[in-house]
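# Residue-level structural notes
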Amino acid sequence: MIIIQNGVLVTPNGKKQTSLAMENGKIVKIGEIVPGPDDEVVDASGCYVYPGFIDGHTHLDLEVAGTVTADDFESGTAAAAAGGTTCVVDFATQYKGDTVLNALQTWQKKAEGKSHTNVAFHMAICDWNEQTKKDLPALREAGVTSFKVYMAYDTAVSDAEILEILDAIRPFGGILGCHCENGGLVTELQQKELAEGHTEPSAHPLSRPAEVEAEAVNRFCYLGKLADMPINVVHLSTKLGLEEIREARAHGQTVYIETCPQYLLLDDSNYSKEGFEGAKYVCSPPLRKKADIEALKLAVLTGEVDTIATDHCSFNYETQKKAGIGNFTKIPNGAPGIEHRPVMMMHIFGDDLDPNAYCRLMSSNPAKLYGMYPQKGALLEGSDADVTVWDPNVKWVIRASEMTQNVDYTPFEGMEVSGRARFVYVNGVLAAHDGVPTAEHPGTYVKR
């Protein structure tokens, strides 16, 4: 057995100063444990012991915008483990003309044998037709319980199709997430900016104002109400969008909110950095105003936000982002973050959130929403041995040159932070130690 001693366990029943034992990929005992001669004892003095963190929104090895994301499942999950994450929920994407079952198999092959963390998949439905509808029960049988649609990009589906998808996933309790931006308005505003000679990264947020998100959030909430289904708004970035969700909730609609560290810390002034540096921050939805940041932070503190994910979608600045020089619409949309989510959350909120709240936002709530609880997201006897031993006292500086992510920059460069994952166990195997991944690949596919 591996026995973790002297730490403070963050359990569903609150914090406990006690020991935890793992064996054969499971948590086998919580409480007072006397180690045997063959047991490995891990000293967690001064640390919190969390159920492994879960990142519910990543894009690894994704072909998009004429290129492929910088991180595949090897580098991306290694970076996740280094930061304290033990499970990622990536997006298997059904491209036009493909089937959802083939999309799932394609993504499973991308991850097979490469994963330092456990991996589950949402299904991004981009081609809604009779075959897709027919395949949904088999997809559910394969362990997929969560789905995503886009209201923007060439992957967008119509409002009527979203309503049909909500109806189709009702029989097995599926949850639908949505990228809420009015795609038609985005296209029109992009062309307007280009026509006025605005080609730099600073035009990116102007082409995707807060109203573009809020209108789409409003629409998605009404579609959920029409279908009488809960919905999940992913990467919420604006105060206006938050107000639309509050209104929907006030009328009885169940709406889950996901946001990301970048929307809780970085504002749109980054798009005006010298030269082409602003391209590093081009993601969609874009970084917002300080008022949006404050509104979202307050929503986190008051419990209105359900989950914190990264929307990790990494592109190298030198070889990929610079494709947009002279035309901001050609900059691949996305930013890296899979390695730094836990520490950035603690950097942003510090003691304003307690360990139980960090656990809910980054572990137990994603596990519950995406059909993994209590096997994951909880320190309980019988749960999977996905455990993060977090040392809150380590002080360090985030540097791209020292990170595991396979990308040449981080939006959090130079930030002084406190806290680091001392030990990260995936299925009872040490996957990272002191912010450095091991050579192990203990991750498995999570059938939910």
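Every chain's residues receive numbers from 1 upward, in the order its sequence appears when written. Residue-level local features of this predicted model are given only where pLDDT is at least 70; pairs of side-chain atoms are given and counted only at 80 or more, and the full residue set underlies all totals for whole chains, interfaces and linings. Values shown for side chains rest on all heavy atoms present in the structure; no hydrogens or waters enter the calculation.

## Here's the deal with the overall build of the protein
Runs of H or I in DSSP of at least four residues are treated as helices and runs of E of at least two as strands, each being numbered from the N terminus. Counting its secondary structure elements, the protein contains eleven helices and 21 strands. Expected size for 448 residues packed as a compact globule is a radius of gyration near 22 Å; at 21 Å, the protein falls within 12% of this value. Taken along the three principal axes of its C-alpha coordinates, the protein extends 75 × 50 × 40 Å. Only the protein chains shown count as cover for residues, and all accessible areas are computed by the Shrake-Rupley method using a 1.4 Å probe. A total of about 16,900 Å² of accessible surface is found on the protein, and carbon and sulfur atoms cover 49% of it. When charges are counted, neither His nor the chain ends are considered; positive counts come from Lys and Arg and negative counts from Asp and Glu. Throughout, a charge is located at the NZ atom of Lys, the CZ atom of Arg, the CG atom of Asp or the CD atom of Glu. Taken as two groups, the 39 positive and 61 negative side-chain charges of the protein have centres that lie 2 Å from each other. Atoms counted for the radius of gyration: C-alpha only. Globule rule: 2.2 Å times the number of residues to the power 0.38.

## A word on the environment of Gly-31
The topology assignment puts Gly-31 in strand β5 (residues 26–31). Along the backbone, Gly-31 and Thr-410 are 379 residues apart, and their C-alpha atoms lie at a distance of 40 Å. Only heavy atoms enter the contact rule, under which two residues are in contact if any of them lie within 4.5 Å. Look past the residues within four positions of Gly-31 in its chain and what remains in contact with it is Thr-18 and Ser-19.

## Focus: the sheet that holds strand β4 (residues 19–23)
Spatially, the four strands line up as an open sheet ordered β5-β4-β1-β6, and their pairing is mixed. The outermost strands of the open sheet, each flanked by one partner alone, are β5 and β6 (40–43). Put simply, the sheet's adjacent strands are angled 20° from each other on average, direction ignored. In this scheme, strands are said to pair when DSSP sees at least two bridges between them. In this sheet, β6 lies alongside strand β1 (residues 2–5) in parallel orientation, the contact comprising four bridges. Bridging from a neighbouring strand, Ile-4 pairs with Val-42 of β6. Between N-to-C directions, angles cover 0 to 180 degrees, with each direction set by a line fitted to C-alpha atoms, over the stretch in contact for helices.

## A look at the side chain of His-312
Along the polypeptide, His-312 turns up in the loop between β17 (307–308) and α10 (341–349). Judged by relative accessible area, which is 0%, His-312 ranks as buried. With sequence-adjacent residues up to four places away left out, His-312 is seen in contact with His-57, Thr-58, His-59, Leu-60, Asp-71, Ala-335, Pro-336, Gly-337, Ile-338 and Gln-405. Burial here depends on accessible area, computed with a 1.4 Å probe over protein chains only, as a share of the maximum for the residue type. Under 20% is buried, over 50% is exposed, and the range in between is partly exposed.

## With respect to the packing of helix α7 (residues 210–227) against helix α8 (residues 239–250)
Where α7 meets α8, the closest approach of the two axes is 8 Å, and the angle between their N-to-C directions is 20°. In terms of their interaxial angle, α7 and α8 are classed as roughly parallel. For α7 against α8, the interelement crossing comes out right-handed. Where α7 abuts α8, its residues Ala-210, Glu-211, Glu-213, Ala-214, Val-217, Asn-218 and Cys-221 lie against Leu-240, Gly-241, Glu-244, Ile-245 and Ala-248. Across the contact of α7 with α8, the residue classes break down as seven nonpolar, two polar and three charged. Any angle that falls under 35 degrees is termed roughly parallel, while one over 145 is termed roughly antiparallel, one within 65 to 115 roughly perpendicular, and all others oblique. Helix crossings fall into two classes, left-handed where the near helix is turned counterclockwise from the far one by less than a right angle and right-handed where it is turned clockwise. Amino acid classes used here: Ala, Val, Leu, Ile, Met, Phe, Trp, Tyr, Cys and Pro are nonpolar; Asp, Glu, Lys and Arg are charged; the rest, including Gly, are polar.

## Comments concerning helix α3 (residues 130–141)
For α3, every residue scored as buried is listed here: Thr-132, Asp-135, Leu-136 and Leu-139. One side of α3 holds all its buried residues, which, seen down the axis, span an arc of 140°. Pointing more than 90 degrees away from the buried face of α3 are the exposed residues Glu-130, Lys-134, Pro-137 and Glu-141. Those residues of α3 that are buried lie in contact with β11 (85–94), α2 (100–111), β12 (118–125), β13 (146–150) and α4 (159–169). The N-cap of α3, judged by a side-chain oxygen 3.0 Å from the amide nitrogen of Gln-131 a few residues on, is Asn-129. Trailing α3 by a residue or two, Gly-143 shows a phi angle of about 100°, which is positive. What the arc measures is the spread of directions leading from the helix axis to the C-beta atoms. Side-chain atoms alone can form a polar contact between residues adjacent in sequence; in general such a contact is a pair of N or O atoms within 3.5 Å, and within protein one must be able to donate a hydrogen while the other accepts it.

## Description of the state of the cysteines
Cysteine sulfur atoms are paired as a disulfide whenever they fall within 2.5 Å. Tallied over the full model, the rule gives zero disulfides. Left without a disulfide partner, Cys-180 is nearest to the cysteine sulfur of Cys-178, which lies 3.7 Å away. Not part of a disulfide, Cys-260 finds its nearest cysteine sulfur in Cys-283, a span of 8.3 Å.

## Description of the pattern of salt bridges
Should a side-chain nitrogen of Lys or Arg be within 4 Å of a carboxyl oxygen of Asp or Glu, the pair is scored as a salt bridge. One pass over the structure, following the stated rule, counts 17 salt bridges. For Glu-215, the salt bridge is made with Arg-219, and the minimal N-O distance between the two is 2.9 Å. One end of the pair, Glu-215, and the other, Arg-219, are both in helix α7, four residues apart, so they sit about a helical turn from each other. Salt bridges sharing common partners tie together Lys-26, Lys-376, Asp-384 and Asp-386.

## What to know about the packing of aromatic side chains
Aromatic pairs are defined between Phe, Tyr and Trp rings, using the six-membered ring for Trp, whenever the two ring centres lie within 6.5 Å; interplanar angles under 30 degrees are classed as stacked, those over 60 as edge-to-face, and all others as tilted. Taken as a whole and assessed by the stated rule, the structure comprises eight aromatic pairs. Judged by centre distance (5.0 Å) and plane angle (45°), the rings of Tyr-50 and Phe-53 are tilted. Its relative accessible area of 1% is what places Tyr-50 among the buried residues. With centroids separated by 6.1 Å and ring planes inclined at 55°, the aromatic side chains of Phe-147 and Phe-172 adopt a geometry described as tilted. Here Phe-172 lies in the loop between α4 and β14 (175–179) and Phe-147 lies in strand β13, a separation of 25 residues in the sequence. Look at Phe-147 and you get buried, because its relative accessible area is 2%. Note on Phe-172: relative accessible area 23%, which makes it partly exposed. In textbook terms, an aromatic cluster arises when at least three aromatic residues are bridged by ring pairs, as seen for Tyr-48, Tyr-50, Phe-53 and Trp-390. Lysine and arginine charges are scored as sitting over a ring when NZ or CZ, respectively, is within 6 Å of the ring centre and within 35 degrees of the ring normal. Against the face of Tyr-373 rests Lys-368, its NZ or CZ located 4.8 Å from the ring centre.

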